[in-house]
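Letter by letter, the chains look like this.
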Amino acid sequence: MVREGALKVLVEGKVQVEMVEGRCLGFTSFLSNVAPPAVEVLAAKRSSVWQLQHQKLHEELSSSPELKARLYCFLCRLLDDQLRHTLRDIFPGTWTHVEAQGRER
């Protein structure tokens, strides 16, 4: 997770995405329990990150179903937030989460 600053994620030398504060890298691989793809990560500016080792985290979570459920819930919310921001950036002025909540009432 980017604690502060910004990171650029490159695949085959091309910037794919810029990760800003609060964004996570590799959590979809974690949720799928697969090895993350090979990417290059560069600091776009002075940055600090929190890093968890994939295998070590899975080992720790296997002993605590409640902690595992809470982490998965957090990661799903994070994924929802990132997807919403991505869709807003790709399709400005269209559907938003707030609009969807208003229609449900």
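Structure: see above.
Here the structure is a predicted model, which is why all the values come from computation and not from measurement. (Residues numbered from 1 in each chain as written. Predicted model: local features only at pLDDT ≥ 70, side-chain atom pairs only at ≥ 80, totals over all residues. Heavy atoms only, no water.)

So, about the pattern of salt bridges. Counted by the stated rule, this structure contains 4 salt bridges. Between Arg70 and Glu66 there is a salt bridge whose closest N-O contact spans 2.9 Å. Remark: Glu66 and Arg70 occur in helix H3 (residues 65-90); sequence separation between them is 4 residues, near one turn of the helix. Overall, Arg70 belongs to the exposed group, its relative accessible area being 56%. Accessibility expressed as a relative area gives 52% for Glu66, which makes it exposed. Its salt-bridge partner being Asp80, residue Arg84 comes within 2.6 Å of it at the nearest N-O pair. Residue Arg84 and its partner Asp80 are both found in helix H3; the two are separated by 4 residues, about one turn of the helix. Judged by its relative accessible area of 24%, Arg84 falls in the partly exposed class. For Asp80, a relative accessible area of 37% translates into the label partly exposed. Counted as one network, the salt bridges with shared partners bring together Asp80, Asp81 and Arg84. (Salt bridge = Lys/Arg side-chain N within 4 Å of Asp/Glu carboxyl O. Helix = DSSP H or I, 4+ residues; strand = E, 2+ residues; numbered from the N terminus. Buried < 20%, exposed > 50% of the residue type's maximum accessible area, 1.4 Å probe, protein only.)

What follows is about the nonpolar core. Core analysis: the largest hydrophobic core is formed by 8 residues, namely Cys24, Phe27, Phe30, Leu57, Leu61, Leu71, Leu75 and Leu78. Elements supplying a minimum of two residues to this core: helix H1 (27-32), helix H2 (54-61) and H3. The biggest single contributor to this core is H3, with 3 residues. Excluding its chain neighbours within four sequence positions, the residues that come into contact with Leu71 are Phe30, Leu57 and Leu61. (Core = buried A, V, L, I, M, F, W, Y, C linked by side-chain atoms within 4.5 Å. Contact = heavy atoms within 4.5 Å.)

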